[in-house]
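A structural walkthrough
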Amino acid sequence: MKKSKYSEAQIMAILKQAENGVPVADLCREHGMSSASFYKWRSKYGGMDASLISRMKALDEENKRLKKMYAEKSMQNDLLKEALGKKW
């Protein structure tokens, strides 16, 4: 996945400016981004503060780790079933 050139703090600052009444078109032109990016950020980060963003990031990392662990265990289980099935 492509890494954003904006940090979460920068995204929050841009969203705060929009909440304070700055037009979206002006924000996009000022920061060099598309309006689609702004609306995607607003749907993802809208109503959050910095602590919620860090918690969300930690949960995403944990979820990624658990999915990887599940995939490895599932693969091991399939290999064991296959090996035991051939013996009999």
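Structure report, in brief.

Turning to the packing of helix α2 (residues 24-31) against helix α3 (residues 35-45), a few remarks are in order. Contact geometry for α2 and α3: axes closest at 9 Å, N-to-C directions at 110°. When the axes of α2 and α3 are compared, the pair comes out roughly perpendicular. Of α3, the residues touching α2 (which contributes Val 24, Leu 27 and Cys 28) are Ser 35, Phe 38 and Tyr 39.

This next bit is on the pattern of salt bridges. One pass over the structure, following the stated rule, counts three salt bridges. A salt bridge links Glu 8 to Lys 57; the shortest N-O distance between them is 3.4 Å. Of this pair, Glu 8 sits in helix α1 (residues 8-19) while Lys 57 sits in helix α4 (residues 50-87); the two residues are 49 residues apart in sequence, bridging distant segments of the chain. Among the ionic pairs, Arg 29 bridges to Asp 26, the shortest N-O distance being 2.7 Å. Of this pair, Arg 29 and Asp 26 both sit in helix α2, three residues apart, which is roughly one turn of that helix.

Of the residues making up α2, those classed as buried are Val 24, Leu 27 and Cys 28. End-on, the buried residues of α2 take up no more than an arc of 95°, which puts them together on one face. Facing away from the buried side of α2 by more than 90 degrees, the exposed set consists of Arg 29 and Glu 30. Check the buried side of α2 and you find it contacts α1 and α3. Residue Gly 32 follows α2 closely and has a positive phi angle near 70°.

Conventions and cut-offs
- Residues numbered from 1 in each chain as written.
- Predicted model: local features only at pLDDT ≥ 70, side-chain atom pairs only at ≥ 80, totals over all residues.
- Heavy atoms only, no water.
- Axes fitted to C-alpha atoms, helices over the stretch in contact; angles between N-to-C directions.
- Helix = DSSP H or I, 4+ residues; strand = E, 2+ residues; numbered from the N terminus.
- Parallel < 35°, antiparallel > 145°, perpendicular 65-115°, else oblique.
- Contact = heavy atoms within 4.5 Å.
- Salt bridge = Lys/Arg side-chain N within 4 Å of Asp/Glu carboxyl O.
- Buried < 20%, exposed > 50% of the residue type's maximum accessible area, 1.4 Å probe, protein only.
- Arc of directions from axis to C-beta.

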